[in-house]
Amino acid sequence: MKRKEARAWLQLGKIYHILRETELLELYVKVAQDVGLSTGDTQFILELLEAAGDIFFNSTVERDKAVCFYREMI
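Computed from a predicted model, the values in this text were never measured in an experiment.

**Side note on the overall build of the chain**
Looking only at helices and strands, one finds four helices and zero strands in the chain. Helices and strands appear in the chain in the N-to-C order α-α-α-α. Sorting the 74 residues of the chain into buried and exposed places 31% on the buried side. Intrachain contacts of the chain at a sequence separation of at least 6 include 49% that bridge at least 24 residues. Surface exposure of the chain reaches about 5,000 Å², of which carbon and sulfur atoms provide 57%.

Rendered as structure tokens:
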């Protein structure tokens, strides 16, 4: 259940990224990370963090944030 919840928060973050709502994107990514961490599943946490970083990395606008994100979280 927690995995689905974490993925849903991350998906919402992607939507706000498309809408260029950076503050909301960061909020939803943070909530997704917190929920993911609560699972205690290291593999899932790493997959979730990678997917969250990819949101920034795959963006032409926010690519510089990806580097900071990857350094801080992984």
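**So, the packing of aromatic side chains**
Under the counting rule described, the total for this entry stands at two aromatic pairs. With centroids separated by 5.3 Å and ring planes inclined at 25°, the aromatic side chains of Trp 9 and Tyr 28 adopt a geometry described as stacked. Separated by 19 residues along the polypeptide, Trp 9 in helix H1 (residues 2–18) and Tyr 28 in helix H2 (residues 22–39) bring together distant segments of the chain. Ring geometry for Tyr 16 versus Tyr 28: centroids 5.2 Å apart, planes at 10°, classification stacked. Of this pair, Tyr 16 sits in helix H1 while Tyr 28 is found in helix H2, placing the two residues 12 residues apart along the sequence.

**With respect to helix H3 (residues 42–57)**
Relative to the 22 Å expected for 16 residues at 1.5 Å per residue, H3 spans 22 Å between its end C-alpha atoms, a close match to the ideal helical length. For H3, the full list of buried residues reads Phe 44, Ile 45, Leu 48, Leu 49, Ala 52, Gly 53, Ile 55 and Phe 56. All buried residues of H3 lie within an arc of 165° about the axis, which places them on one face of the element. If you check the start of H3, you find a side-chain oxygen 3.2 Å away from the backbone N of Gln 43, and it comes from Asp 41.

**Topic: the packing of H1 against H2**
Across the interface, H1 lies against H2 with an axial gap of 8 Å and an inter-helix angle of 165°. With respect to their mutual orientation, H1 and H2 come out roughly antiparallel. Pair H1 / H2 crosses with left-handed handedness. Counting all contacts with H1, which are made through Lys 2, Arg 3, Glu 5, Ala 6, Trp 9, Leu 10, Leu 12, Gly 13, Lys 14, Tyr 16 and His 17, the residues of H2 involved are Leu 24, Leu 25, Tyr 28, Val 29, Val 31, Ala 32, Val 35, Gly 36, Ser 38 and Thr 39. When its residues are assigned to classes, the contact of H1 with H2 shows 12 nonpolar, five polar and four charged.

The rules behind these values
Residues numbered from 1 in each chain as written. Predicted model: local features only at pLDDT ≥ 70, side-chain atom pairs only at ≥ 80, totals over all residues. Heavy atoms only, no water. Helix = DSSP H or I, 4+ residues; strand = E, 2+ residues; numbered from the N terminus. Buried < 20%, exposed > 50% of the residue type's maximum accessible area, 1.4 Å probe, protein only. Contact = heavy atoms within 4.5 Å. Areas by Shrake-Rupley, 256 points an atom, 1.4 Å probe, with all protein chains shown as cover. Phe/Tyr/Trp six-rings, centres within 6.5 Å; stacked < 30°, edge-to-face > 60°. Expected span 1.5 Å × (residues − 1). Arc of directions from axis to C-beta. Polar contact = N/O pair within 3.5 Å; in protein donor to acceptor, adjacent residues only side chain to side chain. Axes fitted to C-alpha atoms, helices over the stretch in contact; angles between N-to-C directions. Parallel < 35°, antiparallel > 145°, perpendicular 65-115°, else oblique. Left-handed = near helix turned anticlockwise from the far one by under 90°. Nonpolar A, V, L, I, M, F, W, Y, C, P; charged D, E, K, R; others polar.

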